[in-house]
Each structure stands twice: as C-alpha cells, then as structure tokens.
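# Notes for the structure review
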Protein chains: 2
Amino acid sequence: MTSQINPPPRLLMGPGPVDADPRVLRAMAAPLVGQFDPFMTDTMTETMGLWREVWRTVNEQTFLVDGTSRAGIEAALVSLLEPGDDVVVPSFGRFGHLLAEISERAGAHVHRVEAEWGSVVDPDRIAEVARRVRPRAIAVVHGDTSTTMAQPLDALGEIARETGALLYVDATATLGGNVFETDAWGIDAATAGLQKCLGGPSGSAPITLSERAAARIRSRRHVEAGIRSADDGDAPGMRIRSNYLDLAQIMDYWGPRRLNHHTEATSMLYAARECARLIGAEGVGARAARHARHGAAMVAGVRGLGLETFGDDRYRMNNVVAVHIPERLRTEPGAGDAVRAALLEDFGIEIGTSFGPLHGQVWRIGVMGTGARRDAVLATLAGLEHVLRRAGIGVPAGGGVDAALESYGGHADGGGAEPVLQGAGPAEPEGDV
Amino acid sequence: MTSQINPPPRLLMGPGPVDADPRVLRAMAAPLVGQFDPFMTDTMTETMGLWREVWRTVNEQTFLVDGTSRAGIEAALVSLLEPGDDVVVPSFGRFGHLLAEISERAGAHVHRVEAEWGSVVDPDRIAEVARRVRPRAIAVVHGDTSTTMAQPLDALGEIARETGALLYVDATATLGGNVFETDAWGIDAATAGLQKCLGGPSGSAPITLSERAAARIRSRRHVEAGIRSADDGDAPGMRIRSNYLDLAQIMDYWGPRRLNHHTEATSMLYAARECARLIGAEGVGARAARHARHGAAMVAGVRGLGLETFGDDRYRMNNVVAVHIPERLRTEPGAGDAVRAALLEDFGIEIGTSFGPLHGQVWRIGVMGTGARRDAVLATLAGLEHVLRRAGIGVPAGGGVDAALESYGGHADGGGAEPVLQGAGPAEPEGDV
C-alpha cells in the first residue's frame, strides 16, 4: 500500500513557498474543535488581533480568507469592484498582470500603468491616470517576486483619497519581511499568503480592510438564502459575483454575528495564528530588519561569485534577488535548469526559475521566513559555487561565502541585533508556552 | 505573550467538522517542498490516483481545489455555467439553496425543484423540468446535512444525458461514509470537503470531472497574461468569471503541463493525500458499511432515549441523524441550546444545532470519520441521557446505550466485519509505513 508522506530534506531558497517554521507545522497537528465552540470563536478573535500587529493596523476587519494568497486577492477585488467599475493597475511584473486579469474577470475596466520589468512605476504616472479616470480602486502589488522589485507605496494612499479611490495592495511577497504600514500608508485593503516571509504553508490568506473598504463591501451585502433572517434586507449595491470569496459574508462570519458561511479551515487557522504569534514575539520591525540583513548578504554573496543581479537596486525587496544566468548557460538549451537541478539533487537546495520575459534569463534566490538566517545563506552560496564550477563557469573559490560574511561584518550572529536563534526561528521568550 | 494553540479535548459528534484522524493531522506537520520539486509533482499525481479510488471513478481530472468544500462547489459551478445558462437545482435543504445561490452569482438562470425539508426530490419531477428546460447542468446535493436526507442519485445520470445536461453533485457530506458511485451513476462533476466522513480538516476540496465536463471547461480556457505562451490561444467559450476557481487553469496546473496557477496548499495536500490513503486501506465499501453500522446504532440509541428522529427513514444519510428537541425545551427560550452547552461543558461532547426552518426544532448528531466507532456512539448517548435528565426531561436510565448495543448485536467490535481499531482509525496493514 501507499506509504505515509515522507518528503525529502530540502532547503527552500526560491521565491516561495519556502520552508515553514516547524512550530507552525506542529500547530496544524492540534486537534480540531467545532465551528462555534467558544474556543474556536475565541481563537478566531484572538487571531484577528495577532494579525493587526503584523499588518500594522487598527482595522477591525482583519481576518483570513480560506485559500491561497490568490484567493485573498480575488476576494478583495471581486468584493470591491463591480461590473463596469474602473480600476487603475500599476504593473511591473507578472503579478501586476494577475491583478489586472482578476479585475477584468470581476467585470471591471482596467487601466494599466506599466513599467519595465526590473523597475517600478512612477507614482506621478499613477496619479495622472487616477485623476483622469477617478477609479473605484487603485490595485497594486507591493513586491512582485517575478522581478524582485518592490513598489514604493507611501505616496499612493494620498493619490487614492484625492481621486476618490480605494487603495488595494497585494502584500503576499513582502509582508513580514519588509516594512509594511497599512495605516500609515493609507491602504484600504491588503492581502497576503503565509508561504513567503510569514513562515507558514500556502493555504490561508490574511486580509485587512479599512473602514472605507468595509463600508463599500457592506453596501453590497446579500445574505444567502437558507440562512437569512427577516432583518437581512439586501444592501443597495450589486450582489458580489462570488459566494465563496464574498467578503461581506466572511465579515459576518468573523464578526460578532458569527453568521455561518464556509466551514473555517481550522488547521490553517491554527497555522496562521502561529505565524502571527511568532512574528509578534520576534517583533515586526526586527523581523523586517532580519530579512534586510540576510537579504543583503545574499546579494553580496551572488556578486562575490561574479553573478550579475537583475533590476534596480533601489527597489529590490529584502527577501528575493534575481541573478542573470551566466551567458554560456543561457545560450545552451536546458543548461540553466540543469544547474538548478544539480543544486537540488547534490545539495538539497532549491532556487527558483522565472516567468515570462525573464524565463531562461534569471534565477531567483529567496531569503525569507526561517530561510533568512546565516547558515541558509552561506550554504546556498557554497552550493551554488560548486554547481556553477562543475557546469564549467569560472567562479572564485569562496567568493560568495566570503562576500556574504563581509556583508554580515564578521559577527557570529549575522552582524545584527537579532538574538541567536534556537532552531529555525526566534526563541520563545517565555519558554514552551 | 500569547501561548501556543492548545485546544480543549473534544469529541465532535455534530454534523461536521468532526475530529480529524490523528494520522491526517500529523501528515500536515511534514516539511514543505518546492512547488515544482519532483517530489511535489509526483505527490500531486499520486494523490489524484488515491482520490479516484474514493470517488469510484476512472476520471483523469480528479484533483483538489484549494479551499473549503464551498470553494469546490463554486469552482465546479462557475467553470461549467456561463452567464445565461440554465441550471436545474433539486433542493431539499439549506445546501440546495446554496447551489442555487452560487449558480445565480455565476449568472445562470436557476430552475429549482423543491421538496419539503425531511424528504427528497422525486426524480420524475427533476426529469420533467430538465426535459422542458434542457439545461446546461443539473446541480444537486447528495446528502444535505441541514435535513440529514440523501437524495437518490442513480436515476439522475440518465436524465442528464437524455436532456443534454451535465450532472454536478455536491458530495461534501456523504463521500467516504455512504455509497457514492461517480462513474456508475453517470456523474459528470462532483466535489467534497475533508471535514465530514473523510476524516480530515476543512480546507481542501476534492473534485472529479468526467471527460464531458472537462471538455466543457476546456472550451472556456483562457490562460492568464504573464504566463501564457504563443500557442495559448483563447478557447471559443466565455472566459470563466473567477480566476482562483477557474478549473481550466487548475487542470493545467495538476496536469502534465504543470502551468503555474495558485501556489498549491502543500500541507492541505498532505492532509488530503493521507485521508484518501487511509480510506483506501480501510476499503471504500467497508468504510461506508462502518458508517452505516454506527449510524444505525446512534439512531437506535436516540430512539431508546425516547427522542423522535426527524425526516424520512428511507433517505437518511448514514452519518447524521436529526432528533426533535423535547417539547418542553423547544418552547422555553434557550433551553435547547443550554442542553447542548451542558453536553459540551460537562462531557466534552459536541452535537449540532440547525439552520433555517429547523432552527430550535432539532439537534443534529453526527457519526462520521473517526467518530463512527462504538465508544464514541455510546459515550454520546450516555452524556445526552445525563444532560437531558438534569434538564428535567424524563429519559429511561441506560435506554440509549442499551438500544445502541442491541443494534450492534452485542458484539464487542460493533457487530460488523470491521477489524478492531487501533486508535481512532483502521490499523495500518503494513506497520508504520
């Protein structure tokens, strides 16, 4: 008969998913409770509070969508946008295309503001289009892993308010590893997934909604037949096209009314709770700083191997770097993928390929979650050095590791303020609670 | 700081979610691998095969949708139905309303064929409407937990073929605990969730599609911008309204092309794989028989306590029984809920409330997954006896337990052919593999 699941040991240093924190994986093994058990509803409410810290918000409407990061994106867009609405989508990589695609499927008119892959979109161009269109929403990716660039967001909240738009941000690739300020930046809706900097598995999508966004969604509230009561009049707005991703109903489920919708994915709730709990224990700011420090060491390391990085240094996310595949490998069919395969097979280390115009041009190396640590960075650079050399590429012996160590400043703890880690993540400050 | 998750011990005997098999929970603690790691893609392919056994099908398109059972329902309906399509929805409870609601949100014209709660829909009435409408699909719930009734499905495949319709079935509440024959019954699309008879947590939706259904979905295939290649021409059909729940794209992700869509929820994949693996080890038929045996003992037991069951005995699902709340409790506000709360607080046992017209009228008691076992049935009946007595209801001492034991025939193993269980589920036939 088929055996128990028994995955091979891996060090996941691609653009995500990356290794989940073992404590998050263990949290998922906790027993289930009933949907309306007081422990369950208390845990949901507690989880909302833990995620407010991560999002840096006071938004009451801060909860989880039961699905991958893409479910969170679609829930936000299909609930905010109704057919015929205009939406401005700054786009500088694959995931900008995704926001446009999802908005189109929601029936919206999409106004793209594109920038070349490897750069970001000038906020003045976004403002110009928004002033002309006066859209329902501006929808933008924060960090687009396809290009490793992070769009500066601090000017967009003001543009959204000036033009009467709601500001939606896809923070899947950046939250928990880069500075992200929901309230200070005037973001109305933001979503993420657990599988990148947040240290969990894919399958739960944290979301936060400002009161403006929540009001927009409530204006489209239609409680479904079968559970509606006499006082559940339909809101004036058009019914949301999706039932599963209908945030008005999901808000009623997470809110005090506890109106049944889906059956909450309890194990993923436990995982999301544990991710947020560990981030709170480490400190949101300290965690972003840790990602910046180890990400910088990786950038220094790949350059120390003689590889060229892709994209504008000023806008690179902390947690992923793209490197040009050496020309000899780029021109030989399959040679770039063979190097990645050798790294996986001989060293158990995964780095990423890429999409669209960058496919076959760059590899993407991630430094995030538990992978944002010194030994993971150094082991990746050492492995990469060896597989490149065996593929016939001239690489300086120890060039990557030395450059990373120099970036760390030679300190045993990685050169920053972080505590020495016990295991893969931050130590529990209060023992095994 | 906030503590680790530490749920209270519970025995979940409601209509679902119920206790997950501990082996399924442990499978989720396995380490992640990359999305396109050979181990990952092999595991996806292996999981498709394991689920074909559970579904009793040879359908190539048998995979998972990343979300709760409701995500599976919506994925099927939004991918099969385009705006303006007609759909016939037999409805005999809350989840029939849900299929109608989701179909409406997908833009379809819904033709309901309703039956009173507690009964099922006469197939001749379904045939009559389908002949008149010639719908794109007939969409029906198999077992509707809101009423505990299971719609006979064996005649519907022929009706669908005769009228040119696709037959969709929501098997969330029945699969793995009742006879379900995808191919023999001519079902074109069926979906489920793990949290009932299948013994897992909510959050992954198994799905199977016949070649007819898959062809319909492929006729609406539109690969998204950002990953499409030159040969990805748009199919002639209307683009599917959802991106996340677009089965054409999800089929490309699970199929040999491995075209990136969402990031597969790896831990939930491990859970779904383990559910199917354990069902295969027990045997699909043996498992349905186990649910029938323990479900019958619960029905006998509640009657032995003097409670009346709700609904037509001929159509009751194996795995859930509704009992009328004793009249004195029904008429006293909150008294019915207080009995359930006492059972939870004093015995750690959860039974369910109900929805819509049955709210405050019946309790629903589930016997499914690992809960379909002798000690769980007897402990529930014993606890219920005590809380009813303490609420002032006259109940015969030992009446529930005795009647259940009589239903089992007095055999130590529950009276059937099942092996003595080690722990909560079937023993591993080959040791700890």
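Basis of the calculations
- Residues numbered from 1 in each chain as written.
- Chains lettered and ligands numbered in written order.
- Predicted model: local features only at pLDDT ≥ 70, side-chain atom pairs only at ≥ 80, totals over all residues.
- Heavy atoms only, no water.
- Helix = DSSP H or I, 4+ residues; strand = E, 2+ residues; numbered from the N terminus.
- Expected span 1.5 Å × (residues − 1).
- Contact = heavy atoms within 4.5 Å.
- Buried area = accessible area lost by both parts, 1.4 Å probe.
- Polar contact = N/O pair within 3.5 Å; in protein donor to acceptor, adjacent residues only side chain to side chain.
- Nonpolar A, V, L, I, M, F, W, Y, C, P; charged D, E, K, R; others polar.
- Pairing = 2+ DSSP bridges.
- Axes fitted to C-alpha atoms, helices over the stretch in contact; angles between N-to-C directions.
- Domains from an automatic or database assignment.
- Salt bridge = Lys/Arg side-chain N within 4 Å of Asp/Glu carboxyl O.
- UniProt positions renumbered as here; feature names shortened; annotations may be inferred.
- 1 Å grid on protein atoms, 1.4 Å probe; cavity = no way out; pocket = protein on both sides within 12 Å on 5 of 7 lines; lining within 4 Å.
- Points joined across faces, edges and corners; volume = space filled by probe spheres on them.
- Buried < 20%, exposed > 50% of the residue type's maximum accessible area, 1.4 Å probe, protein only.
- Least-squares fit on C-alpha atoms with pLDDT ≥ 70 in both.
- Parallel < 35°, antiparallel > 145°, perpendicular 65-115°, else oblique.
- Left-handed = near helix turned anticlockwise from the far one by under 90°.
- pLDDT = per-residue confidence, 0-100.
- Core = buried A, V, L, I, M, F, W, Y, C linked by side-chain atoms within 4.5 Å.
- Phe/Tyr/Trp six-rings, centres within 6.5 Å; stacked < 30°, edge-to-face > 60°.

### Focus: helix H13 (residues 374-390) of chain A
Compared with an ideal rise of 1.5 Å per residue, which puts 17 residues at 24 Å, H13 of chain A spans 25 Å between its outermost C-alpha atoms and is within 8% of the ideal. Of the residues trailing H13 of chain A, Gly392 of chain A is marked for its positive phi of about 90 degrees.

### Topic: the interface of chain A and chain B
Where interface size is given, it is often the accessible area lost as the parts come together that is meant. On the side of chain B, 85 residues touch chain A, which itself brings 85 residues to the contact. When the buried surface of chain A facing chain B is broken down by residue, Met1, Ile5 and Arg105 of chain A rank first, second and third, together holding 13% of it. Linking chain A to chain B there are 36 residue pairs in polar contact (both at pLDDT 80 or more). Where the side of chain A that touches chain B is concerned, the elements lending two or more residues are helix H1 (22-27), helix H2 (38-55), helix H3 (69-80), helix H4 (94-105) and helix H9 (266-282) of chain A. Ranked by residues supplied to the side of chain A that touches chain B, first place goes to H9 of chain A with eight residues. Tallied by class, residues from the side of chain A that touches chain B come to 36 nonpolar, 26 polar and 23 charged.

### Details of the sheet that holds strand E9 (residues 189-191) of chain B
Residue and element names in this part refer to chain B. Read from one edge to the other, the open sheet built from seven strands follows the order E2-E10-E9-E8-E5-E3-E4, with strand pairing classed as mixed. The open sheet has two free edges, formed respectively by strand E2 (61-65) and strand E4 (109-114), since each of these has just one partner strand. Across the sheet, the axes of successive neighbouring strands diverge by a mean angle of 20 degrees, strand direction being ignored. Note: strand E3 (residues 86-91) against E4, six bridges, orientation parallel.

### Comments concerning the domain arrangement of chain A
Residues and elements named next belong to chain A. When the domains of chain A are assigned, the result is domain 1 (20-279) and domain 2 (284-408). With centres defined by C-alpha atoms, the gap from domain 1 to domain 2 works out at 31 Å. Summing both partners gives a buried area of about 2000 Å² for domain 1 against domain 2, and 67% of it is carried by carbon and sulfur. On inspection of domain 1 and its partner domain 2, the count reaches zero salt bridges. At the boundary of domain 1 and domain 2, one finds 10 residue pairs in polar contact (both at pLDDT 80 or more). Going through the elements one at a time, H2, strand E6 (143-144) and strand E7 (149-150) are the ones with two or more residues in the side of domain 1 that touches domain 2. Considering only residue class, the side of domain 1 that touches domain 2 consists of 12 nonpolar, 11 polar and six charged.

### Observations concerning the sheet that holds strand E9 (residues 189-191) of chain A
All names here are of chain A. Taken together, the seven strands give an open sheet; going across it, the order is E2-E10-E9-E8-E5-E3-E4, and neighbouring strands pair in mixed fashion. Both outer strands of the open sheet, strand E2 (61-65) and strand E4 (109-114), are each paired with one neighbouring strand and no more. Direction aside, the axes of adjacent strands within the sheet are offset by 20 degrees on average. Here E9 runs beside strand E10 (residues 205-209); their pairing, made up of three bridges, is antiparallel. Bridging from a neighbouring strand, Ala190 pairs with Thr208 of E10.

### Regarding the UniProt feature "domain: Aminotransferase class V" (unreviewed entry) in chain A
Here, the residues flagged by UniProt with the feature "domain: Aminotransferase class V" (unreviewed entry) are residues 53-217 of chain A. Between the C-alpha atoms that bound residues 53-217 of chain A there is a distance of 23 Å. The span itself is 32% helix and 24% strand.

### Topic: empty space enclosed by the protein
Taken as a whole and assessed by the stated rule, the structure comprises four cavities of 30 Å³ or more. Surrounding the largest cavity, 14 residues form its lining, Arg241 and Ser242 of chain A together with Glu74, Val78 and Ser242 of chain B being those nearest its centre. Only H3 of chain A together with helix H3 (69-80) and helix H4 (94-105) of chain B provide two or more residues apiece to the lining of the largest cavity. Residue composition of the lining of the largest cavity, by class: five nonpolar, three polar and six charged.

### Overview of the pattern of salt bridges
As enumerated under the stated definition, the model contains 68 salt bridges over all chains in all. The salt bridge involving Glu128 of chain B is made with Arg132 of chain B; its shortest N-O contact spans 3.6 Å. Taken together, the residues span about one helical turn, with Glu128 of chain B and Arg132 of chain B both in helix H5 (residues 123-133) at a distance of four residues. Residue Glu128 of chain B is classed as partly exposed on the basis of its relative accessible area of 43%. Three or more residues are tied together by salt bridges with common partners; here these are Glu101, Glu104, Arg105 and Arg112 of chain A together with Arg239 and Asp246 of chain B.

### Comments concerning the relation of the copies chain A and chain B
The transform that puts chain A on chain B rotates by 180 degrees and translates by 0.0 Å along the axis, for an RMSD of 0.0 Å. Classification of the inter-copy transformation places it as that of a two-fold axis. Of every C-alpha in chain A, the one belonging to Gly67 of chain A sits nearest the axis of rotation, 2.4 Å from it.

### A short note on the packing of H3 of chain A against H4 of chain A
Residues and elements named next belong to chain A. Where H3 contacts H4, the two axes come as close as 9 Å, and the packing angle between them is 45 degrees. Relative to H4, the element H3 is oriented oblique. Viewed along their axes, H3 and H4 form a crossing whose handedness is right-handed. Contacts between H3 and H4 involve Arg70, Ile73, Glu74 and Leu77 on the former and, on the latter, Arg94, Leu98, Leu99, Ile102 and Ser103. A breakdown of the residues in the contact of H3 with H4 according to their chemical character gives five nonpolar, one polar and three charged.

### Topic: the confidence of the model for chain A
Averaged over chain A, the pLDDT score is 94; the fraction of residues at 70 or greater is 94%. Overall fold confidence (pTM) sits at 0.96, and the ipTM for the predicted complex is 0.95.

### Details of H4 of chain B
Residue and element names in this part refer to chain B. Relative to the 16 Å expected for 12 residues at 1.5 Å per residue, H4 spans 17 Å between its end C-alpha atoms, a close match to the ideal helical length. Across the 12 residues that make up H4, a large majority, 11, are buried. Turning to H4, its buried residues are Arg94, Phe95, Gly96, His97, Leu98, Leu99, Ala100, Glu101, Ile102, Ser103 and Arg105. Positive backbone phi, approximately 90 degrees, marks Gly107, located one or two places after H4.

### Topic: the nonpolar core
Of all hydrophobic cores here, the largest spans 204 residues; its most connected members are Trp51 and Phe180 of chain A together with Trp51 and Phe180 of chain B. Residues contacting Phe180 of chain A, with those up to four places away along its chain left out, are Trp55, Arg56, His142, Leu153, Val169, Ala171, Thr174, Leu175, Trp185, Ile187 and Ala190 of chain A.

### Describing unusual backbone geometry
Here the amide bond leading from Gly16 of chain A into Pro17 of chain A is cis, since omega sits at 0 degrees, within 30 degrees of zero. By secondary structure assignment, the location of Pro17 of chain A is in the loop between strand E1 (11-12) and H1. You will see that Arg258 of chain B, though not glycine, has its phi angle at about 55 degrees, which is positive. Following the sequence through the fold, Arg258 of chain B ends up in the loop between helix H8 (247-254) and helix H9 (266-282).

### Observations concerning the packing of aromatic side chains
Under the defined criterion, the tally for this structure stands at eight aromatic pairs over all chains. Measuring from centroid to centroid gives 6.0 Å for Phe63 of chain A and Trp254 of chain A, while their planes differ by 35 degrees, and the two rings are tilted. Of this pair, Phe63 of chain A sits in strand E2 while Trp254 of chain A sits in helix H8 (residues 247-254), placing them 191 residues apart in sequence. Of the two residues, Phe63 of chain A and Trp254 of chain A, both sit in the buried class. Ring geometry for Phe36 of chain B against Tyr253 of chain B: centres 6.4 Å apart, planes inclined by 85 degrees, an arrangement best described as edge-to-face.

### A closer look at the pairing of strand E11 (residues 320-324) of chain B
Residues and elements named next belong to chain B. Burial analysis of E11 places four of its five residues in the buried class, the great majority of the element. Two strands pair when backbone bridges link them, and E11 and strand E13 (residues 362-366) are joined in this way by five bridges, in the antiparallel orientation. Bridging from a neighbouring strand, Ala322 pairs with Arg364 of E13.

### Points about the packing of helix H7 (residues 211-218) of chain B against H8 of chain B
Residues and elements named next belong to chain B. Running from N to C, H7 and H8 point in directions that differ by 110 degrees, and their axes come no closer than 8 Å. Regarding the angle of H7 to H8, the classification is roughly perpendicular. Taken as a pair, H7 and H8 cross one another with a handedness that is left-handed. Side by side, H7 and H8 meet where Ala214, Ile217 and Arg218 of the first sit next to Leu247, Ala248 and Met251 of the second. Among the residues making up the contact of H7 with H8, the classes are represented as five nonpolar, no polar and one charged.

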